[in-house]
Amino acid sequence: MATVGRNEPCHCGSGKKYKKCCLSKDSAVDLEALRAERAEEGLRGEILRFATGDRFKDEMPTAYQAYLGGAPDASMLAMGQDQLENIRFLDWFIHEYSHSEKNKSIIDMFDEVRSKALDDEQRKLLVEWKASRLGAFEVESADAGVLKLADVFGDGSYSIEDESACEEVEPGMVMVARVTSSWGKGKLGGAPVLIPAESKQKLVDAVTEAFEKHKEDHADAELSEFASENSHLIIAAAKELA
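Not measured: the values here are computed from a predicted model. (Residues numbered from 1 in each chain as written. Predicted model: local features only at pLDDT ≥ 70, side-chain atom pairs only at ≥ 80, totals over all residues. Heavy atoms only, no water.)

A.B. asks: Is there a simple way to explain the nonpolar core in this structure?
C.D. replies: Soluble, globular proteins show a tendency: their nonpolar side chains are buried together. One finds Phe89, Phe93 and Leu203 to be the most contacted residues of the largest nonpolar core, which totals 42 residues. Residues within four places of leucine 203 in sequence aside, it is in contact with Ala136, Phe153, Val174, Val176, Ile195, Ile234, Ala237, Ala238 and Leu241. Membership of the second largest hydrophobic core comes to 13 residues, among which are Phe137, Val139, Leu147 and Cys166. (Core = buried A, V, L, I, M, F, W, Y, C linked by side-chain atoms within 4.5 Å. Buried < 20%, exposed > 50% of the residue type's maximum accessible area, 1.4 Å probe, protein only. Contact = heavy atoms within 4.5 Å.)

Structural data, given as C-alpha cells:
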C-alpha cells in the first residue's frame, strides 16, 4: 500500500482524512508486524549461535559425514564454500540430526537449555519451528502468493504463503524443503531444491531403493517414516536431479 499523508483522504474510501480514520489501525498493524519480524530474527539468531558454538564444534564434522551418507572424506571446508549447501546442512543439523551422545536434536537441546531466556512470543515460535518437516513436496498450485504442497512420501498437505516462491515454481514440480510456520502461517525454511516434474519418479526411485535396502534389516519399516528420518538422502537425490 502506498504511503498516505495524515491529511490526505483515507485509503479506505470513507472520505475522512487519514489521521481521523485508519491511521491508528494501520500503525498498530505495522507495529505488530515489526514485533513479529524481530521475534523471528532474534530466535533464528539465537538458535544459529547455539548450534554453531563451541558446544558442538566436535560434533559437527561427525554430523556432516552423516549428512553426506557416511562419506569418509567429507570435508567441512568444502561445505563452507557453497552458501546454499551451508544453509541446507545447518538446517538439517539443527532439526534432524540426533546428537551422538545426547540422542536428541539440536533444536530440542536448545529448547531445554535456552527456552527460559526467551520471551513469550519466541517460545511460541519455537514450538512451531520444532514441529516443522523437511521432505519432498509436489507443487499442486501456486496462486495469489500461496503454495499448495503435497508430501511425496507421506499423506500431508501444506499451504505456504510465499509470493517469491510462487513465481519460481509450476504445478507438478517437486520442492525439497522445510515446511514450517510462524504465527500459524505456513512458510518455507532452509534452502529449497527444485526439480522438474519429469524428474519426480527418479527421486521416488532413488529414495525407494535406499528404503528397500534398509528394510532388509527392518522388516516393519514404513517408507514415510524412513523418508522423514533420512531427509538427507532426499536432499542428495534432489541435488542430482535439479
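There's plenty left to go through after this.
A.B. asks: Could you clarify how one ought to interpret the side chain of aspartate 91 in this entry?
C.D. replies: Here aspartate 91 shows up in helix α4 (residues 83-95). Among the polar contacts made by the side chain of aspartate 91, one reaches the side chain of arginine 178 at a distance of 2.8 Å. If we ignore the near neighbours within four places in the chain, the residues touching aspartate 91 are Leu134, Arg178 and Gly190. (Helix = DSSP H or I, 4+ residues; strand = E, 2+ residues; numbered from the N terminus. Polar contact = N/O pair within 3.5 Å; in protein donor to acceptor, adjacent residues only side chain to side chain.)

A.B. asks: Looking at this model, I keep getting lost on the pattern of salt bridges. Mind explaining?
C.D. replies: Think of it this way: side chains of opposite charge can pair up when their charged atoms draw near. Under the counting rule described, the total for this entry stands at 13 salt bridges. For glutamate 46, the salt bridge is made with arginine 49, and the minimal N-O distance between the two is 3.1 Å. Of this pair, glutamate 46 and arginine 49 are both found in helix α1 (residues 23-52), three residues apart, which corresponds to roughly one turn of the helix. One salt bridge in this structure joins lysine 200 and glutamate 138, with 2.7 Å as the shortest N-O distance. Of this pair, lysine 200 sits in helix α8 (residues 200-215) while glutamate 138 sits in strand β1 (residues 133-143), placing them 62 residues apart in sequence. For glutamate 138, a relative accessible area of 24% corresponds to the partly exposed category. Through salt bridges that share partners, Glu40, Arg44 and Lys187 make up one connected network. (Salt bridge = Lys/Arg side-chain N within 4 Å of Asp/Glu carboxyl O.)

A.B. asks: Looking at this structure, how should I read a negative patch on the surface?
C.D. replies: Where like charges cluster on the molecular surface, the negative patch consists of Asp220, Glu222, Glu225 and Glu229. Mapped onto the elements, glutamate 229 comes out in helix α9 (residues 223-229). (Patch = residues over 30% accessible without salt bridge, like charges linked within 9 Å, V, L, I, M, F, W, Y side chains within 5 Å. Areas by Shrake-Rupley, 256 points an atom, 1.4 Å probe, with all protein chains shown as cover. Lys, Arg positive; Asp, Glu negative; His and termini not counted. Charge placed at Lys NZ, Arg CZ, Asp CG, Glu CD.)

A.B. asks: I tried to follow the packing of helix α2 (residues 59-67) against α4 on my own but got confused; where do I start?
C.D. replies: A pair of packed helices can be characterised by two numbers: the angle between their axes and the separation between those axes. Where α2 contacts α4, the two axes come as close as 11 Å, and the packing angle between them is 105°. On the basis of their axis angle, the class for α2 and α4 is roughly perpendicular. Where α2 approaches α4, its residues Met60, Ala63, Tyr64, Ala66 and Tyr67 are matched on the opposing element by Glu85, Arg88, Phe89, Leu90, Trp92 and Phe93. (Axes fitted to C-alpha atoms, helices over the stretch in contact; angles between N-to-C directions. Parallel < 35°, antiparallel > 145°, perpendicular 65-115°, else oblique.)

A.B. asks: Explanation requested: the pairing of β1 in the structure shown.
C.D. replies: Along any regular strand, the residues point their side chains to alternate faces of the sheet. Relative to strand β4 (residues 174-182), β1 is paired through six bridges, and the arrangement is antiparallel. Paired with glutamate 138 across the two strands is valine 174, which belongs to β4. For β1 and strand β2 (residues 146-151), the ladder comprises six bridges, and the chain directions are antiparallel. Counted as the bridge partner of aspartate 143 is valine 146 from β2. Hairpin connection from β1 to β2: two residues lie between these consecutive antiparallel strands, with alanine 144 at a positive phi of about 55°. (Pairing = 2+ DSSP bridges.)

A.B. asks: What exactly am I supposed to notice about the sheet that holds β4 here?
C.D. replies: Within a sheet, each strand pairs with its neighbour through backbone hydrogen bonds, oriented either parallel or antiparallel. Ordered in space as β3-β2-β1-β4-β5, the five strands form an open sheet in which the pairing is antiparallel. Taken across any chain shown, the strands that pair with only one partner, and hence form the sheet edges, are β3 (157-161) and β5 (185-195). Strand-to-strand twist of the sheet, defined as the mean angle between neighbouring strand axes without regard to direction, takes the value 45°.

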